[in-house]
Amino acid sequence: MRKKVIAGNWKMNMLPNEAIAFIEELAPLVKDTENEVILCVPYIDLFYSLLTVQGTNIKIGAQNMHFEESGAYTGEVSGKMLKSIGVEYVIIGHSERRQYFAETDEIVNKKVKAAISNGLKPIICVGETLEQREEGKTSEVITKQTELALEGLTNKEVENIIIAYEPIWAIGTGKTATSEDANNSIKEIRNKISKIYGQNTAQSVIIQYGGSVKSSNAKELFEMSDIDGGLVGGASLKAEEFSKIVKYK
Ligand code: 13P
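Reading guide: rules and limits
- Residues numbered from 1 in each chain as written.
- Predicted model: local features only at pLDDT ≥ 70, side-chain atom pairs only at ≥ 80, totals over all residues.
- Heavy atoms only, no water.
- Core = buried A, V, L, I, M, F, W, Y, C linked by side-chain atoms within 4.5 Å.
- Buried < 20%, exposed > 50% of the residue type's maximum accessible area, 1.4 Å probe, protein only.
- Helix = DSSP H or I, 4+ residues; strand = E, 2+ residues; numbered from the N terminus.
- Contact = heavy atoms within 4.5 Å.
- Phe/Tyr/Trp six-rings, centres within 6.5 Å; stacked < 30°, edge-to-face > 60°.
- Near = heavy atom within 4 Å.
- Polar contact = N/O pair within 3.5 Å; in protein donor to acceptor, adjacent residues only side chain to side chain.
- Areas by Shrake-Rupley, 256 points an atom, 1.4 Å probe, with all protein chains shown as cover.
- Nonpolar A, V, L, I, M, F, W, Y, C, P; charged D, E, K, R; others polar.
- Pairing = 2+ DSSP bridges.
- Right-handed = clockwise from strand over helix to strand, strands pointing away.
- Axes fitted to C-alpha atoms, helices over the stretch in contact; angles between N-to-C directions.
- Parallel < 35°, antiparallel > 145°, perpendicular 65-115°, else oblique.
- Left-handed = near helix turned anticlockwise from the far one by under 90°.
- pLDDT = per-residue confidence, 0-100.

1. Quick notes on the nonpolar core
Within the largest apolar cluster, 64 residues are counted, with the highest numbers of intra-cluster contacts made by Leu 39 and Tyr 209. The greatest single-element share of this core, amounting to 6 residues, is contributed by helix α1 (residues 16–30). Once you skip the residues sitting within four places of it in the chain, Leu 39 turns out to touch Gly 8, Trp 10, Phe 22, Ile 23, Leu 26, Ile 58, Lys 59, Ile 60, Gly 61 and Phe 242. Ranked by size, the runner-up nonpolar core spans 12 residues in total, among them Ala 7, Ile 38, Ile 91 and Ala 164.

2. Description of the packing of aromatic side chains
As enumerated under the stated definition, the model contains 3 aromatic pairs in all. Residues Tyr 165 and Tyr 209 carry aromatic rings whose centres are separated by 6.3 Å and whose planes lie at 55 degrees to one another, so their mutual orientation is tilted. Remark: Tyr 209 occurs in strand β7 (residues 206–210) and Tyr 165 occurs in strand β6 (residues 162–165); sequence separation between them is 44 residues. Accessibility expressed as a relative area gives 0% for Tyr 209, which makes it buried. Where Phe 222 meets Tyr 248, the ring centres are 5.2 Å apart and the plane angle is 90 degrees; that geometry is what we call edge-to-face. On the criterion of sequence distance, the pair formed by Phe 222 in helix α11 (residues 215–222) and Tyr 248 in the segment after α12 (239–246) is long-range, its members being 26 residues apart.

3. Examining the site of the ligand
Neighbouring residues of the ligand: Asn 9, Lys 11, His 94, Glu 166, Ala 170, Ile 171, Gly 172, Gly 211, Ser 212, Leu 231, Gly 233 and Gly 234. Between an oxygen atom of the ligand and a side-chain N or O atom of Lys 11, the distance comes to 2.9 Å. Ser 212 places a main-chain nitrogen or oxygen 2.8 Å from an oxygen atom of the ligand. When the ligand is considered free in solution it has 310 Å² of accessible area, and contact with the protein chains removes 95% of it. Residues of the shell around the ligand, tallied by class, amount to 3 nonpolar, 7 polar and 2 charged.

4. Description of the pairing of β7
Counted residue by residue, β7 has 5 buried out of 5 residues, so it is predominantly covered. Residues Ile 206, Gln 208 and Gly 210 point to one face of β7 and Ile 207 and Tyr 209 to the other, with burial holding for every one of them. As judged from the 4 bridges shared by β6 and β7, these two strands associate in the parallel manner. Across the sheet, residue Tyr 165 finds its bridge partner in β7, namely Tyr 209. With α11 bridging β7 and its parallel neighbour strand β8 (residues 229–232), the resulting β-α-β unit is right-handed.

5. So, the side chain of Glu 128
Mapping Glu 128 onto the fold places it in the loop between β5 (121–126) and α6 (130–134). Glu 128 gets classed as buried once you look at its relative accessible area, which sits at 0%. A polar atom in the side chain of Glu 128 sits 2.6 Å from the side chain of Arg 133. Within the local environment of Glu 128, its side chain forms a polar contact with the side chain of Trp 169, the two groups lying 2.9 Å apart. Ignoring sequence-local partners within four residues, the contact set of Glu 128 consists of Arg 133, Thr 138, Val 141, Ile 142, Tyr 165, Glu 166, Pro 167, Ile 168 and Trp 169.

6. Here we look at the packing of α1 against helix α2 (residues 43–52)
Remark: α1 packs on α2, axes separated minimally by 9 Å, with the N-to-C direction vectors making an angle of 30 degrees. In terms of their interaxial angle, α1 and α2 are classed as roughly parallel. Crossing angle aside, the handedness with which α1 passes α2 is right-handed. From α1, Pro 16, Ala 19, Ile 20, Ile 23 and Glu 24 reach across to α2, where they touch Ile 44, Asp 45, Tyr 48, Ser 49 and Thr 52. Classifying every residue of the contact of α1 with α2 gives 6 nonpolar, 2 polar and 2 charged.

7. Structural notes on the confidence of the model for the protein chain
Across the protein chain, pLDDT averages 97, with 100% of residues at or above 70. Ranking the elements of the protein chain by mean pLDDT puts α6 last, at 95, and strand β2 (residues 36–40) first, at 99.

8. Concerning unusual backbone geometry
Look at Lys 11: it is not a glycine, yet its phi comes out positive at around 55 degrees. Tracing the backbone through its elements, the reader meets Lys 11 in the loop between β1 (5–9) and α1. Under the relative-accessibility criterion, Lys 11 is labelled partly exposed at 22%. Of note in the backbone geometry, Ser 212 takes a positive phi value of approximately 55 degrees without being a glycine.

What follows is the structure in structure tokens.
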């Protein structure tokens, strides 16, 4: 049985003092959950967040990293740096990075490999645009993104990653994919992994849904057969609301 993994993606929100206050409010609300709880916070909040989650069941992730370990890349942060302060997860290839920062499938693949080699768990985002969806290309787009992101990984490595299926038209728009639609897309991704890496590996991979997840729709989404939790944007900025998503049952 795969466990449910609920991750918040704060995007470019929350100052360090707000991050600390948020975690202090969230920790007692989620302390008894069996689900995995992750907060992916801005770089500036990482260290404060890591100190504040000590002794709780909340894990901390970053939202991006560079694929090189060090060097002349002004403004960038490497996987080695993230690992050195105790970060466990890192979002790779979020659609906002693909769209605004020209991240290609090739860059995503390099970052995934660098994350794994530094002992970080990547949360790899895939998802189609509205236009691609309307042209009936959803399956083709998301399975290709998955294949390219995972290229060159071993079975064991694939078993330990997390994929987040985030249809771009559902991000921050209040529009959610129906639970059936989201489940079907996630099944397509799992089938693709099965074809390349085999059924056992495909059944082990955690695949989340992301896109306007909130406490009022989390239960319906997360109870679907192939949806293993969520990557939550806007609704992860309020501790009480996020705790309800974590404890969706
Ligand atoms: P929203 O939950 O705000 O739609 O954002 C989803 C997302 O992009 C999470 O990574």
